[in-house]
Amino acid sequence: MKILIATAVALATLTTVATPHSAVAQRSDTNPVVVLETNMGNIHIELYPERAPKSVARFLQLVEEGFYDEMLFHRVVRNYVIQTGLLDMQGESRGDDLEELENEADNRLINQRGTVSMARLDDPQSAKAEFFINVRDNHDLNFKSYRKDDYGFAVFGEVIEGMDVVDEVSKLETRRAGILRDFPRQPAAIYQAYILRR
């Protein structure tokens with residue numbers, strides 16, 4: 001198992017000046033929306049394929065394949081993020097055989113409250129299937145430069161309904177479970193993820 005987002009991002013002298021970030025992408029009736037049906041309520045996520053085409057394509061592919069069905073939120077950090085995409089409801093890991101995904105963090109979207117980003121290891125190009133929802137504005141996770149420590153995490157969507165559910169998940173008490181430091185004591189699970197037809 002892997003913990004896929006660091007709790008702190010090292011600050012270093014920038015060698016590249018980052019482009020200013022936009023708050024969110026332009027919402028559109030043509031953007032896909034994915035619904036996460038959880039044991040604590042539903043979360044609706046609008047995706048931004050024009051700004052993060054590879055991340056959105058991977059996410060939609062996995063949703064259609066049922067990858068996120070019966071999946072646990074395995075990392076919950078109060079007033080920071082909630083994360084899923086690693087463990088199923090039996091505690092078995094998923095996605096180890098997936099190809100790593102190009103990091104699209106330089107798309108000028110920021111990790112602000114309600115946005116959804118791809119999780120990864122220390123290597124900026126190591127995202128596969130895990131994603132997290134920002135519970136607050138997390139500017140430390142934004143793209144700053146193409147240096148390894150400054151690359152950031154790629155925003156590819158935003159919660160448009162169900163932030164109250166996200167907030168409730170983020171308040172769960174946690175414990176250490178193996179290498180996982182922030183595993184909820186009370187299960188928070190995605191029963192089903194599906195594309196909303198509108």
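Above: the structure in question.
The rules behind the values
Residues numbered from 1 in each chain as written. Predicted model: local features only at pLDDT ≥ 70, side-chain atom pairs only at ≥ 80, totals over all residues. Heavy atoms only, no water. Helix = DSSP H or I, 4+ residues; strand = E, 2+ residues; numbered from the N terminus. Polar contact = N/O pair within 3.5 Å; in protein donor to acceptor, adjacent residues only side chain to side chain. Contact = heavy atoms within 4.5 Å. Salt bridge = Lys/Arg side-chain N within 4 Å of Asp/Glu carboxyl O. Buried < 20%, exposed > 50% of the residue type's maximum accessible area, 1.4 Å probe, protein only. Pairing = 2+ DSSP bridges. Axes fitted to C-alpha atoms, helices over the stretch in contact; angles between N-to-C directions. Core = buried A, V, L, I, M, F, W, Y, C linked by side-chain atoms within 4.5 Å.

1. Focus on the side chain of H74
Phase 1: Relative to the helices and strands, H74 resides in strand β3 (residues 71–77).
Phase 2: Here the side chain of H74 touches E130 through a polar contact of 3.0 Å, side chain to side chain.
Phase 3: Among all residues touching H74, those that are not within four sequence positions of it are Q83, T84, G85, L86, L87, E130, L180, D182, F183 and P184.

2. Remarks on the pattern of salt bridges
Phase 1: Counted according to the given criterion, the structure contains 6 salt bridges.
Phase 2: Taking the shortest distance from any N to any O, the salt bridge between D88 and R94 comes out at 4.0 Å.
Phase 3: Put simply, K171 and E168 hold a salt bridge, and the shortest N to O gap is 3.6 Å.
Phase 4: The partly exposed category is assigned to E168, whose relative accessible area is 41%.

3. Regarding the pairing of strand β1 (residues 33–38)
Phase 1: In terms of burial, β1 is a largely internal element, 5 of the 6 residues being buried.
Phase 2: Adjacent in sequence and paired antiparallel, β1 and strand β2 (residues 41–47) are bridged by 2 residues.
Phase 3: In the sheet, β1 pairs with strand β10 (residues 189–196) via 6 bridges, with the strands oriented antiparallel. Looking across to β10, one finds that T38 is bridged to I190.

4. Examining the sheet that holds strand β4 (residues 81–88)
Backbone hydrogen bonds are what pair the strands of a sheet, in a parallel or an antiparallel way.
Phase 1: Strand order in this closed barrel of 8 strands is β1-β2-β7-β5-β6-β4-β3-β10, and the pairing throughout is antiparallel. Going across the sheet, the axis of each strand differs from the next one's by a mean of 35°, ignoring polarity.
Phase 2: In this structure, β3 lies alongside β10, joined through 2 bridges in antiparallel fashion. Bridged to M71 within β10 is I190.

5. Comments concerning the nonpolar core
Phase 1: Formed by 36 residues in total, the largest nonpolar core has its most connected members in I43, Y68 and F156.
Phase 2: Residue contributions to this core peak at 5 residues, all from helix α1 (residues 53–64).

6. A look at the environment of S170
Phase 1: Tracing the backbone shows S170 in helix α2 (residues 163–170).
Phase 2: Assessed through its relative accessible area of 4%, S170 is described here as buried.
Phase 3: For the pair S170 and R75, spaced 95 residues apart in sequence, the C-alpha to C-alpha distance is 9.2 Å.
Phase 4: For S170, the contacting residues outside a window of four places in its chain are V76, V77, R78, N79, I82 and V135.

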